[in-house]
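Chain by chain, the residues:
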Amino acid sequence: MSAKLEFYFDFISPFSYVAYHALPHELGDLSDRVEFRPLFLGAVMQTTGNRPPGLVPAKGKYMQRDLQRCCARYGIEFRMNPHFPMMNTRPMLRAAIGLADDADTQKRFIETIFHHVWRAEEPLKTDDLEQVRAICASAGFDADRILGFAESEETKARLKANTDSAVERGAFGAPSFFVEDELFFGHDRLDYAREALIAAG
């Protein structure tokens, strides 16, 4: 069995949005080895003692320019979501987890949510379930199924398990990637992750 690239992300992270679009550019023919692992970034930050860029003024200022550069590199648009950083992304993370048994649908859902959080002219408030319902319906998803996953006890437990596992394995932020037990933090380490995938076979 081929090694996988586990992509731990949270929709609240603009660099996770960049990373999603960087994957096909950086991995090329290995892109089909990606497994999506939604996590709750707030819990990761709290557990590891990390601090969001917005709480470090110089880092926050740098992040704004760096996001522009990164998006330009991958040819993607970016709009700062006015709800950031006070966004509850857990319902959408749980929904993404619920779709894990259908990889193509899960990937399309993840791309749709990233688009509406960080690119759309009307930014998504991720815990506004009526807005989510409208977006799902327009994108051809079964909105009732999506919202069911968003509130399911099973997906709540799986999101917590993903988050705990990421921290136990050494993750301290998002996006984080693992090839077997090797951690790569940030989309700008995907070239190293590709080398690790090739080496792992």
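All values reported here derive from a predicted model rather than from experimental measurement.

Thresholds, definitions, all that
- Residues numbered from 1 in each chain as written.
- Predicted model: local features only at pLDDT ≥ 70, side-chain atom pairs only at ≥ 80, totals over all residues.
- Heavy atoms only, no water.
- Pairing = 2+ DSSP bridges.
- Helix = DSSP H or I, 4+ residues; strand = E, 2+ residues; numbered from the N terminus.
- Core = buried A, V, L, I, M, F, W, Y, C linked by side-chain atoms within 4.5 Å.
- Buried < 20%, exposed > 50% of the residue type's maximum accessible area, 1.4 Å probe, protein only.
- Contact = heavy atoms within 4.5 Å.
- Right-handed = clockwise from strand over helix to strand, strands pointing away.
- Phe/Tyr/Trp six-rings, centres within 6.5 Å; stacked < 30°, edge-to-face > 60°.
- 1 Å grid on protein atoms, 1.4 Å probe; cavity = no way out; pocket = protein on both sides within 12 Å on 5 of 7 lines; lining within 4 Å.
- Points joined across faces, edges and corners; volume = space filled by probe spheres on them.
- Salt bridge = Lys/Arg side-chain N within 4 Å of Asp/Glu carboxyl O.

Caption draft 1: The arrangement of the pairing of strand E4 (residues 182–185) in detail. Bridging between strand E3 (residues 176–179) and E4 involves four bridges; their strand directions are antiparallel. Each residue of the ladder has a partner; that of phenylalanine 177, found in E4, is phenylalanine 184. Here E3 folds back onto E4 in antiparallel fashion, the turn holding two residues, of which glutamate 180 has a positive phi close to 55 degrees.

Caption draft 2: How the structure looks around the nonpolar core. Counting 63 residues, the largest nonpolar core has Leu5, Phe7, Leu23 and Phe109 as the members making the most contacts within it. The residues touching phenylalanine 7, leaving out its near neighbours within four places in the chain, are Ser16, Ala19, Tyr20, Leu23, Val34, Glu35, Phe36, Arg37, Pro175, Ser176 and Phe177.

Caption draft 3: Examining the pairing of strand E2 (residues 34–38) more closely. Here E2 shows a clear split, with Val34, Phe36 and Pro38 buried on one side and none of Glu35 and Arg37 buried on the other. In this structure, strand E1 (residues 5–9) lies alongside E2, joined through five bridges in parallel fashion. Bridging across to E2, glutamate 6 finds its partner in glutamate 35. For the crossover that starts at E1, traverses helix H1 (residues 14–27) and ends in the parallel E2, the hand is right-handed.

Caption draft 4: Seen up close, the environment of alanine 193. As for its position among the elements, alanine 193 is in helix H9 (residues 190–200). With 14 residues separating them along the chain, alanine 193 and valine 179 place their C-alpha atoms 6.8 Å apart. Sequence-distant contacts of alanine 193, that is, excluding residues within four places in its chain, are made with Leu5, Val179 and Phe184.

Caption draft 5: Up close: the packing of aromatic side chains. Scanning the model with the defined rule gives 16 aromatic pairs in all. Residues phenylalanine 9 and phenylalanine 114 carry aromatic rings whose centres are separated by 5.7 Å and whose planes lie at 50 degrees to one another, so their mutual orientation is tilted. Taken together, the residues span a long stretch of sequence, with phenylalanine 9 in strand E1 and phenylalanine 114 in helix H5 (residues 103–118) at a distance of 105 residues. This pair shows no difference in class: phenylalanine 9 is buried, exactly as phenylalanine 114 is. An angle of 70 degrees between the planes, with centres 4.9 Å apart, marks the rings of phenylalanine 11 and phenylalanine 114 as edge-to-face.

Caption draft 6: Structural detail: the layout of surface pockets. In this structure, the largest pocket encloses a volume near 880 Å³. Lining the largest pocket are 36 residues, with Met45, Pro52, Pro53, Met63 and Ala174 sitting closest to its centre. Going through the elements one at a time, H1, helix H2 (41–48) and helix H3 (57–74) are the ones with two or more residues in the lining of the largest pocket. Considering every element that reaches the lining of the largest pocket, the biggest residue donor is H3, with seven residues.

Caption draft 7: Seen up close, the pattern of salt bridges. Scanning all chains against the criterion turns up 14 salt bridges. Of the charged contacts, one joins glutamate 77 and arginine 79 as a salt bridge, the two residues approaching to 3.5 Å between their closest N and O atoms. Accessibility expressed as a relative area gives 33% for arginine 79, which makes it partly exposed. Its salt-bridge partner being glutamate 154, residue arginine 158 comes within 3.5 Å of it at the nearest N-O pair. Placement of both arginine 158 and glutamate 154 in helix H8 (residues 153–168) is noted, with a separation of four residues, approximately one turn of the helix. Look at the salt bridges and you will find they share partners, linking Glu6, Glu35, Arg37 and Arg169 into a network.

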